Amino acid sequence: MDMASQKHPPALYLLAATAAGERFAYYGMRALLILYMVAGITGTMTGMNFSEGIASNIYGVFNGLCYLFPFFGGILADRYLGERKSVTVGGIFILSGLILMSLSAAKIPFFAGLTLIAVGNGFFKPTVVSMIGSLYEQGDPRRDNAYTLYYQLFNGAVFFAPIACGAVSVAWGYRAGFMVAGVAVALSVLAYLLLS
């Protein structure tokens, strides 16, 4: 195999960066979620004022749905939407959910935001991984390395997300932290749409 054929297609880097932005948004938001739910409704760090038990139940259901919905999102992407539309729809749902959560501390926008994020995760998460696999023919030795690069970017975003969103939250409140997560997913989806 010559050097040119050992290079990865440019689409790999775009897909990895898109997924990293979305995962930054998800894990940044999730790092704040329990704290936001149990925080009181006065002071600079205002929250939902839920009890710890209710907050834990909401957190558990939300995370469960984020793992369940990719099953259905993958089916819809394969049979109806296609991969590009699925990534776009997923990103828009996640962004919409984060905007709702960052603009209001009322219960309806909060639960609507969590629902949109979970549904968007269902469209987004399985599609990007599948698209990376489709860049390579079966047996291509670059495929394993491609997933390694993907997970390096992915894990880097997961590492920095709680730090960045947490720092913003300490300075300007939890809803500002959710907005930082929203900016990350907005930039990743915009870059995907413009460059793919």
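Anything mentioned here points back to the structure above.
Residues numbered from 1 in each chain as written. Predicted model: local features only at pLDDT ≥ 70, side-chain atom pairs only at ≥ 80, totals over all residues. Heavy atoms only, no water.

### With respect to the packing of helix α2 (residues 10–38) against helix α4 (residues 83–103)
Geometry of a packed helix pair, given as the angle between the helix axes and the separation of the axes.
Right, on to step 1. Following both chains from N to C, one finds α2 and α4 inclined at 30°, their axes separated by 12 Å at the closest point. When the interaxial angle is binned, α2 and α4 end up roughly parallel. Crossing angle aside, the handedness with which α2 passes α4 is left-handed. Residues Thr 18, Glu 22, Ala 25, Met 29, Leu 33 and Tyr 36 of α2 touch α4, and the partners they reach there are Val 87, Ile 94, Leu 98 and Met 101. (Axes fitted to C-alpha atoms, helices over the stretch in contact; angles between N-to-C directions. Helix = DSSP H or I, 4+ residues; strand = E, 2+ residues; numbered from the N terminus. Parallel < 35°, antiparallel > 145°, perpendicular 65-115°, else oblique. Left-handed = near helix turned anticlockwise from the far one by under 90°. Contact = heavy atoms within 4.5 Å.)

### Side note on unusual backbone geometry
Right, on to step 1. At Asn 49, a position not held by glycine, the phi torsion is positive, near 65°.
Right, on to step 2. Tracing the sequence through the fold places Asn 49 in the loop between α2 and α3 (52–81).

### Observations concerning the packing of α2 against helix α6 (residues 142–172)
Right, on to step 1. Interaxial distance between α2 and α6 falls to 7 Å at its minimum, and their mutual angle equals 35°. Of the two possible hands of crossing, α2 and α6 adopt the one that is right-handed.
Right, on to step 2. Tallied by class, the residues present in the contact of α2 with α6 amount to 22 nonpolar, 3 polar and 1 charged. (Nonpolar A, V, L, I, M, F, W, Y, C, P; charged D, E, K, R; others polar.)

### Remarks on the packing of aromatic side chains
Right, on to step 1. Counted by the stated rule, this structure contains 14 aromatic pairs.
Right, on to step 2. A centroid spacing of 5.2 Å and a plane angle of 70° characterise the contact between Phe 110 and Phe 111, whose relative ring orientation is edge-to-face.
Right, on to step 3. Both rings, one in Tyr 150 and one in Tyr 151, keep their centres 4.8 Å apart while their planes meet at 70°; by these two values the pair is edge-to-face.
Right, on to step 4. Through pairs of rings, three or more aromatic residues link up here, namely Tyr 36, Phe 50, Phe 110, Phe 111, Tyr 174 and Phe 178. (Phe/Tyr/Trp six-rings, centres within 6.5 Å; stacked < 30°, edge-to-face > 60°.)

### Observations regarding α6
Right, on to step 1. Here α6 is 31 residues long and its end C-alpha atoms lie 44 Å apart, about the 45 Å a rise of 1.5 Å per residue gives.
Right, on to step 2. At Phe 160, α6 is bent by approximately 30°, the largest bend along its length, and proline Pro 162 sits one to four residues beyond.
Right, on to step 3. Every buried residue of α6 is accounted for by Arg 142, Ala 146, Tyr 150, Phe 154, Ala 157, Ala 161, Cys 165, Gly 166, Val 168 and Ser 169.
Right, on to step 4. Immediately downstream of α6, the backbone of Gly 173 shows phi near 105°, a positive value. (Expected span 1.5 Å × (residues − 1). Bend = angle between axes of the 7 residues up to and from the residue. Buried < 20%, exposed > 50% of the residue type's maximum accessible area, 1.4 Å probe, protein only.)

### Focus: the environment of Arg 84
Right, on to step 1. Looking at the element boundaries, Arg 84 is found in helix α4.
Right, on to step 2. Sequence separation between Arg 84 and Phe 124 is 40 residues; the distance between their C-alpha atoms is 9.7 Å.
Right, on to step 3. Among residues more than four places away in sequence, those in contact with Arg 84 are Tyr 192, Leu 193 and Ser 196.

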